[in-house]
Amino acid sequence: MLIYWRVNSACTRPFALSRTRLRQLPAFALLSLLQFFPNVAGAVTLPEERADALYHRYDGDNVTIDGPSLLVRKNFKETVSVSANYYVDNVSSASIDVVTSGASEYSERREEVSVSGEYLYGKSIFSAGYTNSDESDYEADTYYFSASQDFFGDLTNVTFGYARGDDEVRQNGNDDFVEEIERNAYRVGISQVLSPRLLMALNYEAITDEGYLNNPYRVYRYLTDPLDPSAGFQQATEVYPDTRTSDAAGLKFLYHMPWRGALGTSYRYFTDDWGIDAHTAEIGYTHTFGPHWIAELRYRYYEQGQADFYSDLFQFASQDEKDFRARDKELSEMSSQTVSLYVNYERKIGFGPMDKVGVSLQYDFIMLDYDNFSDLRDTEALPGEEKLFDMDADVIKVLFTLWY
Amino acid sequence: MKSLLTRIAVAATTLGLGACSGTGMSSLQPEPWVKPYERHLLADPIMRFDRDPIASSYLHHVYESREGARGALGSGGGGCGCN
């Protein structure tokens, strides 16, 4: 479950997709919550027995990442559920970060394995899991635990979760470079039935990171002569704080229309001690066509302010380890918009132990605009006067599911 | 709208009242307003916040790789959300 698309490898091929400057939480950021929120309609139950085969592909800014994800879940005696997931990212990157560093396109592979178990006891579900993510210069282990309980005639469900991550950061081409990160995530969620047609979910999550939070391949830039931009700029390895703490709270509603359709909306507020504040809003409509077809159209808007220590162009080099410097576009002031279209077909088959099959085609078009991250391929302009960078990305997912 | 806000407020205090149920204050708890036989629409698969966790988790991963924010992505619905 990773967290960030680790990408990069070798000093000769820095920052690909991202190794997102912010080593986002690995696995646990998503795994526990998604796995342990109970069925919304009330009454805690074990997850469905199903097998999923997903092909995913991301294509944007000369970066292509694709691969399979296979998930199998099996329940035992109506009280125990176990699952296993195998996920692969095949990365090919010539992103702006790569080409502006003078590196050439590179390829690499990341593999991830997850196992989890759930135990149903009365109106409670206890869950635990483990994920390992491995690639050439980064390895992450994540452990999580979650407990979920129904209240109030099964109209209310509360979930508490904790996840712990231990990462090892390496640098291709530099065998002496080995750093560590410790991550902790604490979360609570409430699902509430508000009416026979309306559901609400409220989630809060606090995450702390401690360790080497830099991307060892990324650099910031500063003017060679602060009084004369025409003298050009120089680059140096970024200087990051060694801790980060963030808080996020999200609220969702889902409403069943008078016909067989559903309207959903959500909002999330995020803030951290690096100075980033972000807002995410989303709206989606789901419509059915006959008993087998489901179509969904969604729109998502996201915006964030920059980190305190981000700058597209610094005046001077960092003076010491506490004089933080970053030029990761993920820390800049930016916004994104996503339009998503999903089509799903499901049919009961009742063949042996197989109950139902489904196939889903999902397409997301993402537009990212950066307000203070320059495109350094614009070499004609003076430092600080280059045109701003923007990019689009296509995300395709093809999902086959078998329920049994 | 007033009714909706009232229900949200009641839901928000449900847990607190629940904690008092063992101390003689159980009579203060509101009655569940949606009966089991009224939940057939909520049981519709389209009423899951996350119908395909494996796919939505992947998209969340994309966002976390491209944006600074993270967390609080929990969603209702059973099933595993890996990646």
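All residue numbers refer to position in the chain's written sequence, counted from 1. Lettering for chains starts from A, numbering for ligands starts from 1, and both go in the order in which the items are written. Since the coordinates come from a predicted model, pLDDT governs what is reported: local features require at least 70, and pairs of side-chain atoms require 80 or more to be given and counted, while whole-chain, interface and lining totals use all residues. To obtain the side-chain values, all non-hydrogen atoms of the structure were included, while hydrogens and water were left out.

Enquirer: Just to check I follow, could you spell out the overall build of chain B for this structure?
Expert: Secondary structure is summarised from DSSP: a helix means a run of H or I of at least four residues, a strand means a run of E of at least two, and numbering begins at the N terminus for each. Helix and strand counts for chain B stand at 2 helices and 0 strands. For chain B, long-range pairs separated by at least 24 residues make up 50% of all intrachain contacts whose partners lie at least 6 apart in sequence. Accessible area of chain B: about 3400 Å², with a carbon and sulfur share of 64%. Working rule for contacts: check all heavy atoms of both residues, and any pair within 4.5 Å makes them a contact. To be clear on the numbers: accessible area is Shrake-Rupley with a 1.4 Å probe, and residue cover counts the displayed protein chains and nothing else.

Enquirer: Whenever I open this one, the packing of aromatic side chains confuses me. Can you help?
Expert: Centres within 6.5 Å are what make two rings of Phe, Tyr or Trp a pair, Trp counting through its six-membered ring; a difference in plane orientation under 30 degrees is then read as stacked, over 60 as edge-to-face, and the rest as tilted. Applying the stated criterion across every chain yields a total of 16 aromatic pairs over all chains. Between Phe373 of chain A and Phe389 of chain A the ring centres are 5.9 Å apart and the planes differ by 75 degrees, which places this aromatic pair in the edge-to-face class. Remark: Phe389 of chain A occurs in strand 18 (residues 388–403) and Phe373 of chain A occurs in strand 17 (residues 354–374); sequence separation between them is 16 residues. Comparing Phe373 of chain A with Phe389 of chain A shows no difference in burial state: the two are buried. Three or more aromatic residues joined by ring pairs make a cluster, and in this case those are Tyr240, Trp274, Phe309 and Phe324 of chain A. Whether a charge sits over a ring depends on NZ of Lys or CZ of Arg being within 6 Å of the ring centre and within 35 degrees of the ring normal. A cation sits over an aromatic face here: Arg300 of chain A above Tyr63 of chain B, 3.5 Å from the ring centre. To sort residues, take the accessible area from a 1.4 Å probe on protein chains only and compare it with the maximum for the residue type: under 20% means buried, over 50% means exposed, and anything in between is partly exposed.

Enquirer: Honestly, the nonpolar core in this entry has me stumped. Any pointers?
Expert: Working definition of a nonpolar core: buried Ala, Val, Leu, Ile, Met, Phe, Trp, Tyr and Cys residues. They are joined through side-chain atoms within 4.5 Å. The biggest cluster of nonpolar side chains holds 49 residues, and the ones touching the most others in it are Tyr58 and Leu331 of chain A. Among the elements that line this core, the one with the most residues is helix 2 (residues 53–66) of chain B, at 6 residues. Membership of the second largest hydrophobic core comes to 14 residues, among which are Leu155, Val193, Leu199 and Ile294 of chain A.

Enquirer: Help me understand the environment of Gly211 of chain A, please; the structure alone is not making it clear to me.
Expert: Residue and element names in this part refer to chain A. Take Gly211: it is sitting in strand 9 (residues 198–211). With 42 residues separating them along the chain, Gly211 and Val169 place their C-alpha atoms 9.7 Å apart. Gly211 has contacts with Glu180, Ile181, Pro241 and Asp242, leaving out every residue within four places of it along the chain.

Enquirer: Quick question: what am I supposed to make of the confidence of the model for chain B here?
Expert: Interpreting fine coordinate detail is not advised for predicted regions of low pLDDT. What pLDDT expresses is the predictor's confidence in each residue, scored from 0 to 100. When pLDDT is averaged along chain B, the result is 71, and 53% of the positions lie at 70 or above. Confidence drops under pLDDT 50 across residues 75–83 of chain B; counting only partners more than four residues distant or on other chains, this segment forms 59 contacts.

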